[in-house]
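# Survey of secondary and tertiary structure
Here's the letter readout for the chains.
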Protein chains: 2
Amino acid sequence: MKVLLSNDDGINALGLYKLAMAFKERGHDVTIVAPDSERSATGHAITVHHPLRVLEHNLDEIKGFAISGTPADCVKLALDTLVTDVDIVLAGINRGPNLGTDVLYSGTVSAAIEASLDGYPAVAASLASFEKHQYDISADFLVYLAEKYLEHSLPQGTLLNVNIPNTTLEKIKGVKITKLGERKYYNNFDKRTDPRGGAYYWLAGKVDESNPQPETDVWAILNGFISITPLHFDLTNHHFLQVLADWKLKI
Amino acid sequence: MKVLLSNDDGINALGLYKLAMAFKERGHDVTIVAPDSERSATGHAITVHHPLRVLEHNLDEIKGFAISGTPADCVKLALDTLVTDVDIVLAGINRGPNLGTDVLYSGTVSAAIEASLDGYPAVAASLASFEKHQYDISADFLVYLAEKYLEHSLPQGTLLNVNIPNTTLEKIKGVKITKLGERKYYNNFDKRTDPRGGAYYWLAGKVDESNPQPETDVWAILNGFISITPLHFDLTNHHFLQVLADWKLKI
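Given the structure is predicted, the values throughout are model-derived calculations rather than measurements. (Residues numbered from 1 in each chain as written. Chains lettered and ligands numbered in written order. Predicted model: local features only at pLDDT ≥ 70, side-chain atom pairs only at ≥ 80, totals over all residues. Heavy atoms only, no water.)

Take the overall build of chain A next. Per the secondary structure count, chain A includes six helices and 13 strands. Taken over C-alpha atoms, the radius of gyration comes to 19 Å for chain A, in line with the 18 Å a tight globule of 251 residues would show. If one aligns the C-alpha atoms of chain A with their principal axes, the spans along those axes are about 55 × 55 × 50 Å. Looking at chain A as a whole, 58% of its 251 residues are labelled buried. Entry remark: accessible area of chain A is about 10700 Å², with carbon and sulfur atoms responsible for 47%. Positive and negative side-chain charges of chain A, numbering 23 and 31 respectively, have mean locations separated by a distance of 6 Å. (Helix = DSSP H or I, 4+ residues; strand = E, 2+ residues; numbered from the N terminus. Rg over C-alpha atoms; globule rule 2.2 N^0.38 Å. Buried < 20%, exposed > 50% of the residue type's maximum accessible area, 1.4 Å probe, protein only. Areas by Shrake-Rupley, 256 points an atom, 1.4 Å probe, with all protein chains shown as cover. Lys, Arg positive; Asp, Glu negative; His and termini not counted. Charge placed at Lys NZ, Arg CZ, Asp CG, Glu CD.)

If you want it as structure tokens, here you go:
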């Protein structure tokens, strides 16, 4: 199959390279279009006030392009202009989890949403740890998942968010299909004072991992499972259309 | 009521000022926490690699803070640290529409989603035109809507996306409660060559406004109505949990 890869950690990230190699080793045709430097926590930002630069940036024998933009820019530009024939788009493997409400901030998930908006099967993939990343098990699993995805297919507008525990094959307990959970943070901002007496704030925040809801991605990862969540990008809250109509608003 | 205002056009944008004044004239207590410069199309980006600067920036007698960050940063920092008592959060009035699938890219909508994530009633407001903006009618309508919102209340996790036609009161045909429509673009990228022969790409794209789906925000605005769409931020596609379980994936 013809695979387009992107990410938000930048084109030189090891997780992206390992994923590309895993697809190549299984005989698939891989193209990488990824940001030229790290763009994490960019959400679904796109670049409208500057032009985008495209530099050829092959990784071993894998064709690649480094883009001076966000993950969403990369996928949009790739599918519109750079890569004419694509069966599936994967974003990742991200260095760190993308779980629960945090997916709203995720450049990785936005890259996959952008592909889904354009009508392609899409997967956002993350290694759910902030240290000692071992990408090989994840890379192999994602190739297997992509093959299964194209076997079964999903309707347009449905994509997958995958988080994988950072551990040995033996210690992974299995695969759970999950809902997005909640990611609650506390102590969000660290207020400091600069040498001239001015205040500045660092976004900090510790995750509250107590009592994760069952059947959620947060629960699955905490309990050693691979988590796969089907996502959509329809932000309409259909349940409240009638409720709002009953407010009888007028101009 | 106690109103927190933000936007993505920056703290000096006229739409924000007009909205603040309209609330003040109705006797409400207003605080502005907004980006220090334009941050449109930032999606739900947050700032994690730099600290945020906070500068007092009052507009007439309205208390304001200019933040060196994104709309989501502004709301997160405001509700966590700067403003202790808030009844409702509004983002806008945006200079230009935020309709259909484009809400995924919108800093305005992300500011409102951030407020909703934190448990506050929230409204994203946009003037649906790219020129000759007349904010007064919109500002008055949004004060009325905020008052109605607090009268009725909505459950946590539900927010409103409002688009208002840029026309006279007489020409606005009424208020429609809508679903998000599709925003399809064509000719997305304009490829150019710099003086040294290097290629660069501008995100361009013309909206295809033919055949908007009925009952959508896109349809409402094209037909002269104020559009109000109830939004949520649960990206789980609940319909496909069972479908995916039937794939029987394993590690």
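Now that the structure has been shown, we can carry on.
Attention shifts here to empty space enclosed by the protein. Taken as a whole, this structure holds one cavity of 30 Å³ or more when the rule is applied. What the largest cavity holds in volume is close to 160 Å³. Considering the residues around the largest cavity, the lining is formed by 13 residues, among which His44 and Leu104 of chain A together with His44, Leu104 and Leu235 of chain B are closest to the centre. Among the elements of the structure, α3 (107-117) of chain A together with α3 (107-117) of chain B are those that each provide at least two residues to the lining of the largest cavity. When grouped by side-chain class, the residues that make up the lining of the largest cavity number eight nonpolar, five polar and no charged. (1 Å grid on protein atoms, 1.4 Å probe; cavity = no way out; pocket = protein on both sides within 12 Å on 5 of 7 lines; lining within 4 Å. Points joined across faces, edges and corners; volume = space filled by probe spheres on them. Nonpolar A, V, L, I, M, F, W, Y, C, P; charged D, E, K, R; others polar.)

Here the focus is the interface of chain B and chain A. Counting residues at the interface gives 80 residues for chain B, matched by 80 residues for chain A. Of the roughly 7100 Å² buried between chain B and chain A, counting both surfaces, carbon and sulfur atoms make up 72%. Looking only at chain B, the three residues that lose the most surface to chain A are Leu235, Trp247 and Ile251 of chain B, adding up to 12% of its buried area. Counting the contacts that link chain B with chain A gives two salt bridges. Its salt-bridge partner being Arg53 of chain B, residue Asp194 of chain A comes within 2.8 Å of it at the nearest N-O pair. (Contact = heavy atoms within 4.5 Å. Buried area = accessible area lost by both parts, 1.4 Å probe. Salt bridge = Lys/Arg side-chain N within 4 Å of Asp/Glu carboxyl O.)

Turning our attention to the sheet that holds strand β6 (residues 122-127) of chain A. The strands making up a sheet associate through hydrogen bonds between their backbones, and the pairing can be parallel or antiparallel. The mixed open sheet is built from 11 strands, whose spatial order is β8(A)-β13(A)-β7(A)-β6(A)-β5(A)-β1(A)-β2(A)-β4(A)-β3(A)-β11(B)-β10(B). Lying at the two open borders of the sheet, with one neighbouring strand each, are β8 (175-177) of chain A together with β10 (189-193) of chain B. Neighbouring strand axes in the sheet, compared pairwise and without regard to direction, differ in orientation by 25 degrees on average. Taken together, the five bridges between β6 of chain A and strand β7 (residues 159-164) of chain A define a ladder with parallel strand orientation. Within β7 of chain A, the residue paired with Ala125 of chain A across the bridge is Val162 of chain A. Each of β1 (2-6), β2 (29-35) and β5 (88-95) of chain A touches helix α1 (residues 14-25) of chain A; the most contacted strand, β5 of chain A, lies at about 140 degrees to it. Together, β5, β6, β7, β8 and β13 (226-231) of chain A form the strand contacts of helix α4 (residues 136-152) of chain A, whose direction differs from that of β7 of chain A by roughly 160 degrees. (Pairing = 2+ DSSP bridges. Axes fitted to C-alpha atoms, helices over the stretch in contact; angles between N-to-C directions.)

Right, let's get into the packing of α1 of chain A against α4 of chain A. Residue and element names in this part refer to chain A. With their axes 9 Å apart at the nearest point, α1 and α4 run at an angle of 50 degrees to one another. By the criterion of interaxial angle, the relationship of α1 to α4 is oblique. Judged by the twist between their axes, the crossing of α1 over α4 is right-handed. Between α1 and α4, the residues in contact are Lys18, Leu19, Ala22 and Phe23 and Asp136, Ala139, Asp140, Leu142, Val143 and Ala146, respectively. Its residues placed into classes, the contact of α1 with α4 shows seven nonpolar, no polar and three charged. (Parallel < 35°, antiparallel > 145°, perpendicular 65-115°, else oblique. Left-handed = near helix turned anticlockwise from the far one by under 90°.)

Relative to the helices and strands, Gly69 of chain A is located in the loop between β4 (63-67) and α2 (71-82). The contact partners of Gly69 of chain A, leaving out residues within four places of it in the chain, are Pro35, Arg39, Thr47 and Leu52 of chain A.

This brings us to the relation of the copies chain B and chain A. Mapping chain B onto chain A calls for a screw motion: a turn of 180 degrees about the axis and a shift of 0.0 Å along it, with 0.0 Å RMSD after fitting. Here the copies are linked by what is in effect a two-fold axis. Both copies present the same face, since 100% of the interface residues in chain B are matched by interface residues at the equivalent positions in chain A. (Least-squares fit on C-alpha atoms with pLDDT ≥ 70 in both.)

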